[in-house]
Amino acid sequence: MKMLKLTSPLLAVCLWWGCGLQQSPHTTDICIVFDRTDSIRNYPTAQILLSPFDLAHEKFQGIHMVFTTISDKDLNGRIEIDLKSQNELTSNIVERDADIKRFTIRVQHTLDSMRNEPTCSHSIVFRTIAREANSLAVSRADNKYLMVFSDLYEANDSVNFYHQNIQQQIRQHPDTVTARLERSLPLQRLGGVAIWLLYEPKSFADNNVFMPVATMYKHLFEAQGAQVHIATQFAVP
C-alpha cells in the first residue's frame, strides 16, 4: 500500500513531464497579394513561398494561405488553401507526406492561374493591403505573414502616385500622403504581423520611384506595430 501511494504521485509527475516534451505544432497564417495592375518580375513559385517553412522536417505544422489581388476594385476574389496541423504522435507519416504534396501542388496551381489574370488600368493598393493586414491582426495563429507583390503605385480617383506632384510629396512630406490614405481605411494595431513588400524594380529610374513609396509604407505599417521588410523575395528572418 505504501508503495502504491509512493508510485502514484511519481507516475503523475512522469506523465506530466512527458506531455510537456510534446509541443503542439505551430500554425501560420499567410496572405499573398498580387498586383494585377502591373507586371511582376519576381513572381514566385510554390517552392520559393514554402521553402522557408521547411515542410520536409516540420511536417506537422499548420499553414493557412490566402491568395488575393490588387486591382481597380475594392472587392477581389480570394482563394484559400489549408494544410491542417496534426499531432505527430497520432499521425501517419505516409499520409502526412501525401497531404504536404497535395498542398504544394494546389499552391502552385493557384499561382499559375493567378498569373494569367488580366491587367487593370487603375489600382487600389492601400485599401487592399490594409484590409488584409487588419484581417491578419485578429488571427490567433503563431505566425502571421502578409506578402505584397506590387510596385505599390496607387492610381485611382483619390490619389495617383504616377503624378509628379504626388511623388514629390512622398519624398518630402510622406505624412501628408499616408494621412490621406488612412482616411480611406484606418489601420488596426498590427502587432505580431510581419509584412513583406516584394518588388524587383525594372530600372534605375523605377527604383528611384519605388523606394520612397516602399519606405513610406514601411513607416506607416511599423507605426501600428507591424514588422516590415522591403525585398524581392520572401524569407523568414
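Our structure's up above, just so we're on the same page.
Residues numbered from 1 in each chain as written. Predicted model: local features only at pLDDT ≥ 70, side-chain atom pairs only at ≥ 80, totals over all residues. Heavy atoms only, no water.

1. Notes on the packing of aromatic side chains
Scanning the entire structure with this criterion turns up 12 aromatic pairs. Relative to Phe234, the ring of Trp196 lies with its centre 4.7 Å away and its plane at 75°, an arrangement referred to as edge-to-face. Note that Trp196 is positioned in strand 5 (residues 193-198) and Phe234 in the segment after strand 6 (227-231), a separation of 38 residues in sequence. Take Trp196 and Phe234: they sit in the same class, and that class is buried. Plain terms: the ring middles of Tyr199 and Phe210 are 4.7 Å apart, the flat faces sit at 40° to each other, and that makes the pair tilted. Within this pair, whereas Tyr199 is found in the loop between strand 5 and helix 7 (204-222), its partner Phe210 is found in helix 7, the two being separated by 11 residues in sequence. Here Tyr199 falls in the buried class, since its relative accessible area comes to 5%. Classification of Phe210 as buried rests on a relative accessible area of 2%. Joined through ring pairs, the aromatic side chains of Phe53, Tyr145, Trp196 and Phe234 make up one cluster. (Phe/Tyr/Trp six-rings, centres within 6.5 Å; stacked < 30°, edge-to-face > 60°. Helix = DSSP H or I, 4+ residues; strand = E, 2+ residues; numbered from the N terminus. Buried < 20%, exposed > 50% of the residue type's maximum accessible area, 1.4 Å probe, protein only.)

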